Amino acid sequence: RRGEMAKATQLIDNEVFRAYATYTAIVLLKMMLMSLITAYFRITRKAFVNPEDTASFGKGESAKKYLRTDPDVERVRRGHLNDLENIVPFVGIGLLYALSGPELSTALLHFRIFTGARILHTFAYLIPLPQPGRGLSWAVGYSVTFSMAYKVLKTAWLL
Amino acid sequence: RRGEMAKATQLIDNEVFRAYATYTAIVLLKMMLMSLITAYFRITRKAFVNPEDTASFGKGESAKKYLRTDPDVERVRRGHLNDLENIVPFVGIGLLYALSGPELSTALLHFRIFTGARILHTFAYLIPLPQPGRGLSWAVGYSVTFSMAYKVLKTAWLL
Amino acid sequence: RRGEMAKATQLIDNEVFRAYATYTAIVLLKMMLMSLITAYFRITRKAFVNPEDTASFGKGESAKKYLRTDPDVERVRRGHLNDLENIVPFVGIGLLYALSGPELSTALLHFRIFTGARILHTFAYLIPLPQPGRGLSWAVGYSVTFSMAYKVLKTAWLL
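The model shown is predicted, which means the values in this text are computed figures rather than measured ones.

A. Fine view of the overall build of chain A. Along the backbone of chain A there are 6 helices and 0 strands. When its helices and strands are written in sequence order, chain A yields α-α-α-α-α-α. In terms of overall dimensions, chain A has C-alpha extents of about 60 × 50 × 30 Å along its principal axes. Looking at chain A residue by residue over its 159 residues, the buried ones come to 53%. Nonlocal contacts in chain A, meaning residues at least 24 apart in sequence, comprise 72% of its contacts between residues at least 6 apart.

Right, here's the structure in full:
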């Protein structure tokens, strides 16, 4: 039993994999934070989408008026969807990249730039910053994932 | 070649990893089920979004009236998106957690509570149950993923 | 240090895992391409959603008229969301499947059909092709993921 455990945990003993695990946990937690920010704006702006969510505001018309969209809520939701569209490829391609034997320094460079770019992207979306702030932070994260995909395909290629 | 295969399949011999594989397959299949439920409501409620999907109902105005939103369809779609927002972090962080060497009993506790909470969340969304049914089931799944992320960061931390 | 690296890269030496890595990188890059197509249509159709994105078109009413939805933009966005809903389960279940010790030929069959089906699905959505073109390509990809999930659950089952 100990032997099996040791085998399974050897990945986490590898430094590149540990870096991958650290940055993946951070960007996924950042993405999860978007749910809390959406909930915060839904409650403070009183803007809900499900009738059962407004039941505590009373019955009938008095509750119905809170079934509406709010610009701030929609903005956070767009940021959340953009996270899904970009962090999912990072997590999937990043795992394969971490297993493709990159140098630790190169891997750290990729993970750090991606994570920084996505945190900047969230601030650029929520504040909001004037363009091209959001566009550039999006493009930087996108390019990092693309660079990792190139390394994965070069190392693993078997079609 | 046999030796290589054996190495690659040793992960699946580890009990924590087998538990992770089982629960991940279950929650991803549950998420995939949302596509079928959406299709079911689109067809029974005759509510489509793409013009080419209504071509079998005839041409022109007679088909155009089925290009509309339906509350039941939109409800399933919101449940599906909520699954994506919550199951993606579980799958990503859960993999790292399974490789971070947790006790089998602790890991099973995390996986079982998350899976149960997400199944409850789907029922709470689709029936729908009065709040805080959906909110609580969401929060339980969220907390489990957060707890796994804490273990991952404590074990793997390399920034 | 070399020993550790060797251990971490042994997965990528396994042929089934290399095939998984290749096809996963391809479908995730295909999904990422949807962001570029959305941006292309937003710019050529002048249809934006964030006020800060239209600032370069001038101030006030002259810029405000570009804050609108466009059928082509919405179509690409639906294709992108459908990718997320279907490629996420493929990436997660496919990883477990690749580690469950399938024959290389069987694994290649699954990965190739899924990847082909999703590329077809994108063309069927964007051109658009008449139904059931898009529906069938969706169903083929869905079935492949289901088949992999069955193999994972049969091999790993530990509830």
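That shown, we press on.
B. How the structure looks around a nonpolar patch on the surface. Together, A:Ile119, A:Phe123, A:Ile127 and A:Leu129 line one region of the surface with nonpolar side chains, adding up to about 360 Å² of accessible area. Since its relative accessible area comes to 54%, A:Ile127 is described here as exposed.

C. Structural context of the packing of aromatic side chains. Residues and elements named next belong to chain A. Under the definition given, this model contains 30 aromatic pairs over all chains. Summarising the aromatic geometry, the rings of Tyr97 and Phe111 are spaced 6.0 Å apart at their centres and angled 85 degrees between planes, so their arrangement reads as edge-to-face. With a gap of 14 residues between them, Tyr97 in helix 4 (residues 71-98) and Phe111 in helix 5 (residues 104-126) connect regions that are remote in the sequence. With centroids separated by 4.6 Å and ring planes inclined at 35 degrees, the aromatic side chains of Trp138 and Tyr142 adopt a geometry described as tilted. Pair noted here: Trp138 and Tyr142 are both in helix 6 (residues 133-156), with a separation of 4 residues, about one helical turn.

D. Examining the relation of the copies chain B and chain A more closely. When chain B is fitted onto chain A, the two copies agree to an RMSD of 0.0 Å after a turn of 120 degrees and an axial shift of 0.0 Å. What the rotation and shift describe, once combined, is the action of a three-fold rotation axis. In this assembly, only 18% of the residues forming the interface of chain B have copies in chain A that are likewise at the interface, indicating a heterologous arrangement.

E. Structural view of the relation of the copies chain A and chain C. Turning chain A through 120 degrees and shifting it by 0.0 Å along the axis lays it on chain C, with an RMSD of 0.0 Å. In this assembly, only 18% of the residues forming the interface of chain A have copies in chain C that are likewise at the interface, indicating a heterologous arrangement.

F. View of the environment of C:Val73. Residues and elements named next belong to chain C. Inspection of the secondary structure assignment puts Val73 in helix 4 (residues 71-98). Val73 sits in the buried class, given a relative accessible area of 1%. Along the chain, Val73 and Ser35 lie 38 residues apart, while their C-alpha atoms are 11 Å from each other. Leave out the neighbours within four places in its chain, and Val73 touches Thr38, Phe41, Arg42 and Ala47.

G. Broad picture of the side chain of B:Asp70. Residues and elements named next belong to chain B. Relative to the elements of secondary structure, Asp70 occurs in the loop between helix 3 (61-64) and helix 4 (71-98). Only 2.8 Å separates the side chain of Asp70 from the backbone nitrogen of Asp72, close enough to count as a polar contact. Here Asp70 is in contact with Arg45 and Ala47, once residues within four sequence places are set aside.

H. Molecular detail of helix 6 (residues 133-156) of chain C. Across its 24 residues, helix 6 of chain C extends 35 Å between first and last C-alpha, which sits within 8% of the 34 Å expected from 1.5 Å per residue. Here helix 6 of chain C has its buried residues at C:Arg134, C:Ser137, C:Trp138, C:Gly141, C:Tyr142, C:Val144, C:Thr145, C:Met148, C:Ala149, C:Val152, C:Leu153 and C:Ala156.

I. Quick look at the confidence of the model for chain A. Residue and element names in this part refer to chain A. The pLDDT averaged across chain A works out to 92; a share of 94% of its residues lies at or above 70. Counting interchain partners and residues more than four positions distant, the pLDDT-below-50 stretch residues 1-8 has 10 contacts. Model confidence for the complex: the whole-complex pTM is 0.94, and ipTM, which rates the interface, is 0.93.

J. Spotlight on the interface of chain B and chain A. Chain B puts 38 residues into the contact, and the matching count from chain A is 41 residues. Carbon and sulfur atoms make up 69% of the surface buried where chain B meets chain A, a total of about 3300 Å² over both sides. Together, B:Leu99, B:Tyr142 and B:Leu158 form the three largest contributors to the area buried by chain B at its contact with chain A, with a combined 19%. Our count for the chain B to chain A interface comes out at 3 salt bridges. Residue B:Arg134 pairs with A:Glu52 through a salt bridge whose shortest N-O separation is 3.4 Å. Those elements giving two or more residues to the side of chain B that touches chain A turn out to be helix 1 (2-13), helix 2 (15-44), helix 4 and helix 6 (133-156) of chain B. Take the side of chain B that touches chain A: its biggest share by element is 11 residues, from helix 4 of chain B.

K. Structural context of the nonpolar core. By size, the foremost hydrophobic cluster in this structure holds 111 residues, and its most contacted members are A:Phe17, A:Phe111, B:Phe17, B:Phe111, C:Phe17 and C:Phe111. Aside from chain neighbours lying at most four places away, what touches A:Phe111 is A:Val16, A:Ala19, A:Tyr20, A:Tyr23, A:Phe90, A:Tyr97 and A:Met148.

L. Here's a closer look at the UniProt feature "transmembrane region" (unreviewed entry) in chain A. Annotation from UniProt places "transmembrane region" (unreviewed entry) at residues 20-41 of chain A. Secondary structure content for residues 20-41 of chain A is 100% helix and 0% strand, and the end C-alpha separation is 32 Å.

M. A look at the side chain of C:His80. You can see C:His80 is positioned in helix 4. By relative accessible area, C:His80 is classed as buried at 3%. Setting aside residues up to four positions removed in sequence, C:His80 forms contacts with A:Glu85, C:Met31, C:Met34 and C:Ser35.

N. Up close: empty space enclosed by the protein. This model, assessed by the stated rule, comprises 3 cavities of 30 Å³ or more. Approximately 270 Å³ is the volume attributed to the largest cavity. Looking at the largest cavity, it is lined by 21 residues, and the ones nearest its centre are A:Val91, B:Val91, B:Gly92, C:Val91 and C:Gly92. Elements with a contribution of two residues or more to the lining of the largest cavity: helix 2 (15-44) and helix 4 of chain A, helix 2 and helix 4 of chain B together with helix 2 (15-44) and helix 4 of chain C. Tallied by class, residues from the lining of the largest cavity come to 17 nonpolar, 4 polar and no charged.

O. Just the interface of chain A and chain C, in detail. In this complex, chain A contributes 38 residues to the contact, which on the side of chain C involves 41 residues. Summing both partners gives a buried area of about 3300 Å² for chain A against chain C, and 69% of it is carried by carbon and sulfur. Counting across the chain A and chain C interface gives 3 salt bridges. Applying the counting criterion to the chain A and chain C interface returns 11 residue pairs in polar contact (both at pLDDT 80 or more). Put simply, the parts of the chain that give the side of chain A that touches chain C at least two residues each are helix 1 (2-13), helix 2, helix 4 and helix 6 of chain A. Tallying contributions element by element places helix 4 of chain A first for the side of chain A that touches chain C, with 11 residues.

Cut-offs applied
- Residues numbered from 1 in each chain as written.
- Chains lettered and ligands numbered in written order.
- Predicted model: local features only at pLDDT ≥ 70, side-chain atom pairs only at ≥ 80, totals over all residues.
- Heavy atoms only, no water.
- Helix = DSSP H or I, 4+ residues; strand = E, 2+ residues; numbered from the N terminus.
- Buried < 20%, exposed > 50% of the residue type's maximum accessible area, 1.4 Å probe, protein only.
- Contact = heavy atoms within 4.5 Å.
- Patch = residues over 30% accessible without salt bridge, like charges linked within 9 Å, V, L, I, M, F, W, Y side chains within 5 Å.
- Areas by Shrake-Rupley, 256 points an atom, 1.4 Å probe, with all protein chains shown as cover.
- Salt bridge = Lys/Arg side-chain N within 4 Å of Asp/Glu carboxyl O.
- Phe/Tyr/Trp six-rings, centres within 6.5 Å; stacked < 30°, edge-to-face > 60°.
- Least-squares fit on C-alpha atoms with pLDDT ≥ 70 in both.
- Polar contact = N/O pair within 3.5 Å; in protein donor to acceptor, adjacent residues only side chain to side chain.
- Expected span 1.5 Å × (residues − 1).
- pLDDT = per-residue confidence, 0-100.
- Buried area = accessible area lost by both parts, 1.4 Å probe.
- Core = buried A, V, L, I, M, F, W, Y, C linked by side-chain atoms within 4.5 Å.
- UniProt positions renumbered as here; feature names shortened; annotations may be inferred.
- 1 Å grid on protein atoms, 1.4 Å probe; cavity = no way out; pocket = protein on both sides within 12 Å on 5 of 7 lines; lining within 4 Å.
- Points joined across faces, edges and corners; volume = space filled by probe spheres on them.
- Nonpolar A, V, L, I, M, F, W, Y, C, P; charged D, E, K, R; others polar.

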